[in-house]
Amino acid sequence: MLSVTDYAAIRGASLSLNDLFKEHITDDPDATLNGIPVDLRSPRELEIVVMTNALSVWLYRVVLQPDLVNQPGRRISPSETQRRSTQLQLHYLITPMHPNPLTQHTLMGRAIQVVRDHAQLGGSSLRGALAGTSTTMKLSLEMSGTAEQNTLWWSLQSQHRAAVSLIVEGVGIDSHQAPAAGPPALSRHSGYAQIVGVT
């Protein structure tokens, strides 16, 4: 289902992801994972504040969801149509940070497992502006090439780290303008003709 949310939808998506990873990492009874915080800042920002123990869940790219760009507005009454919402595709970089490389590997494996086990996030799992809406966040891992990864780390001016890209779809921002007025189409006529020859 498409979301019915306002401009705080992106914030709600990030809060939802933060709590998802917190539940399955920070609050996990496994001694290797328990207590490791989830942080929405970039790896570079965490390096600057000398935070070496965290799972960075950093939103680095926001684009229009290509298959829903021309999605028509929802009819809310016989004479009104809700204005078209802006459906988004959010890209997050998931980076485990820890002094022990084996703990980094454990964090990475757990993060991948959490994403695959929660490919759809909705209902009581949503936070912020998404809570209580019909939104279903769709989570998937993105296969990014070496060149793209290198460019991303170069732009961060940070050392290259093992990381995975997470794509979130199903998040939309509704228009704040009043619904559009106009009667629905009451009938439709179509026809066809046979081509009998070409000159």
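It should be noted that the structure appears before, not after, this text.
Residues numbered from 1 in each chain as written. Predicted model: local features only at pLDDT ≥ 70, side-chain atom pairs only at ≥ 80, totals over all residues. Heavy atoms only, no water.

Asks: Pulling in residues and values, what's your account of the pattern of salt bridges?
Replies: Close approach of charged atoms lets side chains of opposite charge pair. According to the stated counting rule, one finds six salt bridges in the structure shown. The closest approach of N and O atoms between Asp28 and Arg110, which form a salt bridge, is 2.9 Å. Taken together, the residues span a long stretch of sequence, with Asp28 in the loop between helix H1 (9-26) and strand E1 (38-39) and Arg110 in helix H3 (residues 101-117) at a distance of 82 residues. The pair Asp28 / Arg110 is uniform in exposure class, with both members buried. (Salt bridge = Lys/Arg side-chain N within 4 Å of Asp/Glu carboxyl O. Helix = DSSP H or I, 4+ residues; strand = E, 2+ residues; numbered from the N terminus. Buried < 20%, exposed > 50% of the residue type's maximum accessible area, 1.4 Å probe, protein only.)

Asks: Provide a residue-level description of the side chain of Gln149, including the pertinent values.
Replies: Within the secondary structure, Gln149 sits in helix H4 (residues 146-156). Once you skip the residues sitting within four places of it in the chain, Gln149 turns out to touch Ser144, His160, Ala163 and Ser165. (Contact = heavy atoms within 4.5 Å.)

Asks: A description of the pairing of strand E8 (residues 164-173) should follow, citing residues and the corresponding values.
Replies: Of all the 10 residues making up E8, nine are buried; the element is thus mostly covered by neighbouring parts of the structure. Pairing geometry for strand E5 (residues 86-97) and E8, over nine bridges, is antiparallel. Paired with Gln87 across the strands is Gly172, a residue of E8. Sheet analysis places strand E7 (residues 136-142) next to E8, joined by five bridges and oriented antiparallel. If you follow Ser140 over to E8, its bridge partner there is Ile167. (Pairing = 2+ DSSP bridges.)

Asks: Just give me the short version of the side chain of Gln89, but keep the residues and values in it.
Replies: Counting through the fold element by element, Gln89 comes out in strand E5. With a relative accessible area of 13%, Gln89 lands in the buried category. Among the polar contacts listed, one links the side chain of Gln89 to the side chain of His91, at a separation of 3.1 Å. Apart from the residues within four sequence positions on either side, Gln89 is in contact with Arg61, Val62, Val63, Leu64, Gln65, Pro66, Ile167, Val168 and Glu169. (Polar contact = N/O pair within 3.5 Å; in protein donor to acceptor, adjacent residues only side chain to side chain.)

Asks: Kindly report on the nonpolar core, identifying the contributing residues and their values.
Replies: Residues Phe21, Tyr92, Ile94, Met137, Leu139, Leu166 and Val168 are the most contacted members of the largest nonpolar core, which totals 30 residues. The dominant element in this core, judged by the number of residues it contributes, is H1, at six residues. With near-sequence residues (within four places) excluded, Met137 lies in contact with Ala13, Ser16, Leu17, Ala119, Gln120, Leu121, Leu126, Leu130, Val168, Glu169 and Val171. Membership of the second largest hydrophobic core comes to six residues, among which are Trp58, Leu93, Trp153 and Leu156. (Core = buried A, V, L, I, M, F, W, Y, C linked by side-chain atoms within 4.5 Å.)

Asks: Could you give an account of the packing of H1 against H3, naming the residues involved and the relevant values?
Replies: At a closest axis distance of 10 Å, the pairing of H1 and H3 adopts a crossing angle of 130°. In terms of axis orientation, H1 runs oblique to H3. The element H1 and its partner H3 pack so that their crossing is right-handed. Where H1 abuts H3, its residues Leu20, Phe21, His24 and Ile25 lie against Leu107, Arg110, Ala111, Val114 and Val115. (Axes fitted to C-alpha atoms, helices over the stretch in contact; angles between N-to-C directions. Parallel < 35°, antiparallel > 145°, perpendicular 65-115°, else oblique. Left-handed = near helix turned anticlockwise from the far one by under 90°.)

Asks: Give a description of the packing of aromatic side chains that names residues and reports values.
Replies: This model, assessed by the stated rule, comprises one aromatic pair. Here Trp58 and Tyr60 contribute two aromatic rings whose centre-to-centre distance is 5.9 Å and whose plane-to-plane angle is 35°, an arrangement assigned as tilted. (Phe/Tyr/Trp six-rings, centres within 6.5 Å; stacked < 30°, edge-to-face > 60°.)

Asks: An account of the sheet that holds E7 is requested, with residue identities and associated values reported.
Replies: Spatially, E1-E2-E5-E8-E7-E6 is the arrangement adopted by the six strands of the open sheet, whose pairing is mixed. Each edge of the sheet is formed by a strand with only one pairing partner; in this case those strands are E1 and strand E6 (120-122). Here strand E2 (residues 54-64) runs beside E5; their pairing, made up of 10 bridges, is antiparallel. Across the sheet, residue Arg61 finds its bridge partner in E5, namely His91. Here H1 sits on the sheet in contact with E1, E2, E5, E6, E7 and E8, set at roughly 35° to E5. Along the sheet face, H4 touches E2, E5, E7 and E8 and points at about 110° away from the line of E2.

Asks: Can you tell me about H3, naming the residues and giving the values?
Replies: Over its 17 residues, H3 runs 24 Å from end to end, which matches the ideal 24 Å to within 8%, given 1.5 Å per residue. Buried within H3 are the following residues: Thr103, Leu107, Met108, Arg110, Ala111, Val114 and Val115. Of the surrounding secondary structure, the elements contacted by the buried residues of H3 are H1, E2, E5, E7 and E8. Between a side-chain oxygen at the N-terminus of H3 and the backbone nitrogen of Leu102 the separation is 2.9 Å; the capping residue is Asn100. (Expected span 1.5 Å × (residues − 1).)

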